Amino acid sequence: MEGSSFLEIAGIPLLLAAVFAYYGVRVLVKKDISAIRGKDKPPVKDEVMYTKWAGALILFLAFAALGMAFLLCVNVYVALIEFIAAALLMGILWRRMERRYGG
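These figures come from a predicted structure and were not determined experimentally.

### Things to note about the confidence of the model for the protein
Parts of the model with low pLDDT should not have their predicted coordinates read in detail.
Here is step 1 of the chain: In the predicted model, the protein carries a mean pLDDT of 89, and the fraction of residues at 70 or more is 95%.
Here is step 2 of the chain: In the model of the protein, helix α1 (residues 3-30) stands out as the element of lowest mean pLDDT, 86, in contrast to helix α3 (residues 76-101), which has the highest, 94.

Okay, here's the thing in structure tokens:
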């Protein structure tokens, strides 16, 4: 498989992985939760734990998008199932994190 062919197939998931990685690192390193929380939301209960968990979950989704990009070369349905499962797991874990550390 040529490089241009790989980018045609997996370009959007690679772009998603880059965006998720940017926000995950931004939350973990800079402790900037305003990047992911709306302006109308109340302040969080425990900012340190919130940034730790939120950054880790966003990076998890970035790795899932990266995995989807490579699985697209193998089988489209497997890649779709993998990303849907990762997104559902991330949603469940995000809800738990919001309940525990959010406002």
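### Here we look at the nonpolar core
Here is step 1 of the chain: Judged by nonpolar contacts, the single largest core of 20 residues is most densely connected at Y50, A54, F83, M90, W94 and M97.
Here is step 2 of the chain: When residues of this core are traced back to their parent elements, those giving at least two are α1, α2 (47-71) and α3.
Here is step 3 of the chain: Sorting elements by how many residues they give to this core places α2 first, with 8 residues.
Here is step 4 of the chain: Those residues in contact with A54 that sit more than four places away from it in its chain are V27, I36, W94 and M97.

### Concerning the environment of A54
Here is step 1 of the chain: Its location among the elements puts A54 in helix α2.
Here is step 2 of the chain: Residues A54 and W94, 40 residues apart in the sequence, show an inter-C-alpha distance of 7.4 Å.

### Overview of the side chain of D32
Here is step 1 of the chain: Locating D32 in the fold gives a position in the loop between α1 and α2.
Here is step 2 of the chain: On the accessibility criterion, D32 (16% relative accessible area) is buried.
Here is step 3 of the chain: A polar contact of 2.7 Å, which involves the side chain of D32, links it to the side chain of R26.
Here is step 4 of the chain: Of note is the side chain of D32, whose polar atom sits 2.5 Å from the side chain of S34.
Here is step 5 of the chain: Among all residues touching D32, those that are not within four sequence positions of it are R26 and V27.

Conventions used here
- Residues numbered from 1 in each chain as written.
- Predicted model: local features only at pLDDT ≥ 70, side-chain atom pairs only at ≥ 80, totals over all residues.
- Heavy atoms only, no water.
- pLDDT = per-residue confidence, 0-100.
- Helix = DSSP H or I, 4+ residues; strand = E, 2+ residues; numbered from the N terminus.
- Core = buried A, V, L, I, M, F, W, Y, C linked by side-chain atoms within 4.5 Å.
- Buried < 20%, exposed > 50% of the residue type's maximum accessible area, 1.4 Å probe, protein only.
- Contact = heavy atoms within 4.5 Å.
- Polar contact = N/O pair within 3.5 Å; in protein donor to acceptor, adjacent residues only side chain to side chain.

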